[in-house]
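Coordinates in review
Here's the letter readout for the chains.
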Amino acid sequence: LQMWTPSADPVLVGFHEAYSAQAFGLLPMGHAVAIDNPRFHGTPDRPTGQDYAVLSSRGRRPEATSAVDVVMRPGEPVRAVVTGTVIDARPNLLYGTYPDGRVSIRSAERPDLVVTMLHISGLQVAPGQHVLAGDTIVAGGATQFPFVSHVDKYLDGAPHPHVHVEIKRQP
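Residues numbered from 1 in each chain as written. Predicted model: local features only at pLDDT ≥ 70, side-chain atom pairs only at ≥ 80, totals over all residues. Heavy atoms only, no water.

On to the sheet that holds strand β5 (residues 78-79). On the basis of which strands lie adjacent, the open sheet formed by three strands has the order β5-β11-β9 and antiparallel pairing. Edge positions in the open sheet fall to β5 and β9 (120-123), since each of these has one partner strand only. As judged from the two bridges shared by β5 and strand β11 (residues 137-142), these two strands associate in the antiparallel manner. The partner of Arg 79 across the bridge, within β11, is Ile 137. (Pairing = 2+ DSSP bridges. Helix = DSSP H or I, 4+ residues; strand = E, 2+ residues; numbered from the N terminus.)

Attention shifts here to the nonpolar core. Formed by 31 residues in total, the largest nonpolar core has its most connected members in Val 78, Ile 105, Met 117 and Val 163. Of all the elements in the fold, those that place two or more residues in this core are β1 (12-16), β3 (51-54), β4 (67-71), β6 (84-94), β7 (98-107), β8 (113-118), β11 and β12 (162-169). If we skip the residues at most four places from it in the chain, Met 117 touches Pro 6, Val 78, Arg 79, Val 81, Gly 101, Arg 102, Val 103, Ile 105, Val 138, Val 163, His 164 and Val 165. Counting six residues, the second largest nonpolar core, distinct from the first, contains Ala 34, Ala 53, Leu 55 and Val 151. (Core = buried A, V, L, I, M, F, W, Y, C linked by side-chain atoms within 4.5 Å. Buried < 20%, exposed > 50% of the residue type's maximum accessible area, 1.4 Å probe, protein only. Contact = heavy atoms within 4.5 Å.)

Before going further, it helps to spend a moment on the pairing of β7. As defined by bridge partners, β6 adjoins β7 across ten bridges and the pair is classed as antiparallel. Each residue of the ladder has a partner; that of Val 86, found in β7, is Ile 105. Connecting β6 to the antiparallel partner β7 that follows it, the hairpin turn spans three residues, and Tyr 95 within it adopts a positive phi of roughly 55°. Pairing between β7 and β8: five bridges, direction antiparallel.

Below, the structure written as structure tokens:
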């Protein structure tokens, strides 16, 4: 399954261990700026392409690249990362406290796979809607949290808006 980033010009793509053990490992492409998880066995680094980092371990069971945080520029719209059908689009509370949003898309290419995007604000899609990877805007922007996330430590240590993406098999 080929995925797009939710941003046309991401600040950084940070791969990490997903919370869910069912999340699939992803294959980083582009230029590695940091490889900090010893469980990552790597892909050939390319001198060109998107900068990415494999973030340090959080001690979770899935693969080192089973989730990705795409750091976005403030106010940039969030685009669909795969072509398919929206099966879930709703607000939620991160850690039961912080307003957030989520969108899940069943892949048209692989209908057994669902891609979930978290940390989005201003939802612009609804369940049943067909979306195009890299084209359809699913939200007005990435959520700006008032705290530093794991991926922020690979930038300047200040909070940045980012979209979390992971893939799971669902019948």
